[in-house]
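Fold and geometry: a report
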Amino acid sequence: MRLKSDFITQDIDDTQFLVPVGAEAFSGIVRSNKTAAFIVNLLKEETTEGQIIDAMYERFDAPKEEIAADVREILTTLRNIHALEEE
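Numbering of residues begins from 1 in every chain and follows the order in which that chain's sequence is written. The model is predicted, so local features are restricted to residues of pLDDT at least 70 and side-chain atom pairs to those at 80 or more, both for listing and for counting; the totals for chains, interfaces and linings are taken over all residues. Heavy atoms throughout the structure, all of them, feed into the side-chain values; hydrogens and water do not.

1. Things to note about the environment of Glu66
Working definition: helices are DSSP H or I runs of at least four residues, strands are E runs of at least two. Numbering for both runs from the N terminus. Looking at the element boundaries, Glu66 is found in helix α3 (residues 64–80). Between the C-alpha atoms of Glu66 and Glu46, which are 20 residues apart in sequence, the distance is 23 Å.

2. Considerations on the sheet that holds strand β2 (residues 7–12)
Note: two strands are recorded as paired if DSSP finds a minimum of 2 bridges between them. Read across the open sheet, the 3 strands follow the order β2-β3-β4; overall the sheet is antiparallel. The strands lining the two open edges of the sheet, one partner per strand, are β2 and β4 (30–32). Each neighbouring strand pair of the sheet contributes to a mean axis angle of 25 degrees, computed without reference to strand direction. Pairing analysis gives 3 bridges linking strand β3 (residues 15–20) to β4, with the strands arranged antiparallel. Looking at the pairing, Phe17 lines up with Arg31 of β4. Lines fitted to the C-alpha atoms define the axes, with helices restricted to the stretch that makes contact. Angles between their N-to-C directions range from 0 to 180 degrees.

3. Notes on the packing of aromatic side chains
Stacked, tilted and edge-to-face are the three classes applied to pairs of Phe, Tyr and Trp rings, where Trp contributes its six-membered ring and a pair requires centres within 6.5 Å; stacked means planes under 30 degrees apart, edge-to-face means over 60, and tilted covers the rest. What the rule picks out here adds up to 1 aromatic pair. Between Phe38 and Phe60 the ring centres are 5.5 Å apart and the planes differ by 85 degrees, which places this aromatic pair in the edge-to-face class. Within this pair, whereas Phe38 is found in helix α1 (residues 34–42), its partner Phe60 is found in the loop between α2 (49–59) and α3, the two being separated by 22 residues in sequence. Only protein chains enter the area calculation, which uses a 1.4 Å probe; residues under 20% of their type maximum are buried, those over 50% are exposed, and those in between are partly exposed. Overall, the relative accessible area of 25% leaves Phe60 in the partly exposed class. Over the face of the ring belonging to Tyr57 we find Lys64, whose NZ or CZ atom lies 5.2 Å from the ring centre. Geometrically, a charge over a ring is one whose NZ (Lys) or CZ (Arg) sits within 6 Å of the ring centre while staying within 35 degrees of the ring normal.

4. Regarding unusual backbone geometry
Phi at Asp13 takes a positive value of approximately 55 degrees, unusual for a residue other than glycine. Note that Asp13 resides in the loop between β2 and β3. Under the relative-accessibility criterion, Asp13 is labelled exposed at 78%.

5. Digging into the pattern of salt bridges
Side-chain pairing between opposite charges can occur once the charged atoms of the two side chains come close. When a carboxyl oxygen of Asp or Glu lies within 4 Å of a side-chain nitrogen of Lys or Arg, that pair is called a salt bridge. Applying the stated criterion across every chain yields a total of 2 salt bridges. A salt bridge links Lys64 to Asp54; its shortest N-O distance comes to 3.0 Å. Linking Lys64 in helix α3 with Asp54 in helix α2, this pair joins segments that are 10 residues apart in sequence. For Asp54, a relative accessible area of 37% puts it in the partly exposed group. Here Glu86 makes a salt bridge to Arg79, at a shortest N to O gap of 2.8 Å.

In short, the description is geometric, and any link to function would need to be established separately.
Following this line, the structure appears as structure tokens:
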């Protein structure tokens, strides 16, 4: 999976904004916290849910089960706004 090319990110101070530039299904702006921004940045390249969880586990000091739940929640949000390309 990866972030659709219809979405771009803009970092301002410590906040990342996800903006649709050609998406028809969503016409808003998503403001990401550091965790969500880390995931979105990983999704700029082809990756899997497992790879995201592993990368976050290496970066953040949290139980893997908690990280996996956070990843699933953020991926669900991105799916709901049709921001992901998945095969």
